[in-house]
Amino acid sequence: KRMMIPLLRSARTLVWDRTFESAMAEMRDFAKIASGKIRSGRFDVVVAVNMSGLVSRLETSLPVIYATDATASLANEVYPSFADRSRGQRDAAMRFETEAVDRADLVLVPSEYCRRSMCDDHGADRSKVHLVPLGANLVPEPGREPDEISVPTSGEALELVVVAADPERKRVALCADVAEELERRGWRARLHYVGPRHAICDRSVVE
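Right, let's walk through the structure included here.

Conventions we followed
- Residues numbered from 1 in each chain as written.
- Predicted model: local features only at pLDDT ≥ 70, side-chain atom pairs only at ≥ 80, totals over all residues.
- Heavy atoms only, no water.
- Pairing = 2+ DSSP bridges.
- Helix = DSSP H or I, 4+ residues; strand = E, 2+ residues; numbered from the N terminus.
- Axes fitted to C-alpha atoms, helices over the stretch in contact; angles between N-to-C directions.
- Disulfide = S-S within 2.5 Å.
- Core = buried A, V, L, I, M, F, W, Y, C linked by side-chain atoms within 4.5 Å.
- Buried < 20%, exposed > 50% of the residue type's maximum accessible area, 1.4 Å probe, protein only.
- Contact = heavy atoms within 4.5 Å.
- Right-handed = clockwise from strand over helix to strand, strands pointing away.
- Patch = residues over 30% accessible without salt bridge, like charges linked within 9 Å, V, L, I, M, F, W, Y side chains within 5 Å.
- Areas by Shrake-Rupley, 256 points an atom, 1.4 Å probe, with all protein chains shown as cover.
- Salt bridge = Lys/Arg side-chain N within 4 Å of Asp/Glu carboxyl O.
- Polar contact = N/O pair within 3.5 Å; in protein donor to acceptor, adjacent residues only side chain to side chain.
- Expected span 1.5 Å × (residues − 1).

Time to look at the sheet that holds strand β4 (residues 129-131). Across a sheet, paired strands are connected by hydrogen bonds in the backbone, their directions being either parallel or antiparallel. Read across the open sheet, the four strands follow the order β1-β2-β3-β4; overall the sheet is parallel. Every other strand in the sheet has two partners, leaving β1 (46-49) and β4 as the edge strands with one partner each. Ignoring which end each strand starts from, the neighbouring axes of this sheet average 20° apart. Judged from the four bridges that link them, β1 and strand β2 (residues 64-67) form a sheet pairing that is parallel. By the bridge assignment for β2, Val46 is matched with Val64.

Here we come to the state of the cysteines. By the definition in use, this model includes zero disulfides. No disulfide involves Cys114; its nearest neighbouring cysteine sulfur is the one of Cys119, lying 9.7 Å away.

Soluble globular proteins tend to pack their nonpolar side chains together in the buried interior. Judged by nonpolar contacts, the single largest core of 22 residues is most densely connected at Val55, Leu58, Tyr66, Val107, Met118 and Val129. Val55 has contacts with Ala48, Val64, Tyr66, Ala100, Arg103 and Ala104, leaving out every residue within four places of it along the chain. Among the nonpolar cores identified, the runner-up in size contains ten residues, and Val172, Ala176, Leu191 and Val205 belong to it.

With that out of the way, let us pick up the pairing of β2. On the question of chirality, the crossover connecting β1 to the parallel β2 by way of helix α3 (residues 52-57) is right-handed. Examined bridge by bridge, β2 and strand β3 (residues 106-109) share three bridges and lie parallel to one another. Each bridged residue has a counterpart across the sheet, and for Ile65 the counterpart in β3 is Leu106.

Our next topic: a nonpolar patch on the surface. A contiguous nonpolar surface patch, about 340 Å² in accessible area, is contributed by Met3, Met4 and Leu7. For Met3, the location among the structural elements is in the segment before α1 (4-14). Look at Met3 and you get exposed, because its relative accessible area is 63%.

Let us now look at the side chain of His122. By secondary structure assignment, the location of His122 is in helix α7 (residues 112-122). A distance of 2.9 Å separates the side chain of His122 from the side chain of Thr98, its partner in a polar contact.

Time to look at the environment of Ala179. Mapped onto the fold, Ala179 is located in helix α8 (residues 172-184). Overall, the relative accessible area of 0% leaves Ala179 in the buried class. C-alpha separation for the pair Ala179 and Leu191, spaced twelve residues apart in sequence, amounts to 6.3 Å. Leave out the neighbours within four places in its chain, and Ala179 touches Leu160, Ala189, Leu191 and Val205.

Right, let's get into helix α6 (residues 87-103). Under the 1.5 Å per step criterion, the end-to-end length of α6 is 24 Å for 17 residues, consistent within 8% with the ideal 24 Å. For α6, every residue scored as buried is listed here: Gly88, Ala92, Ala93, Phe96, Glu97, Ala100 and Val101. Where the residues of α6 are buried, they touch α2 (19-40), α3, β2, α4 (72-78), β3 and α7.

In structure tokens:
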């Protein structure tokens, strides 16, 4: 397995890379199907989450909101799974991102560095890129003591949901710990986990 990565990188320099053209053609077909579904329905707005390719090729007169937690340029730098892709795939992702932010009427990002990347790396109009922090990021209120315990609502259950294709990177074990701690503090908590099989599935608090 360790030998495969350098071998694949070497092969990419010797073989004509058609991945850019393939990505463009695939996304064109995908957007055509999506555009048809939108035209045949009754909608007020299109919201696309982490779908820059679709937004870049979408054909609709409806307002388009594009929301993402990372830009293509940031993903190419930070995630090995993106950095190890072929040059054509990385270039296609960059093209999709740049055209998506130009096409969208509103762009929502969860962090200031993502907003900067949208504007600096992908030429986004700053007036339509808005910062909307993700709800899962808990920031303590100033002056609050960490040992303060909220009071559960009588007879009500607290339903939590986590979706994770990569459960380790998304720290689903921490989510289960939180649900168990809420139960210990008197809440009727339940964590609904959507993703591949993981050890937390055996915990009583997890569905």
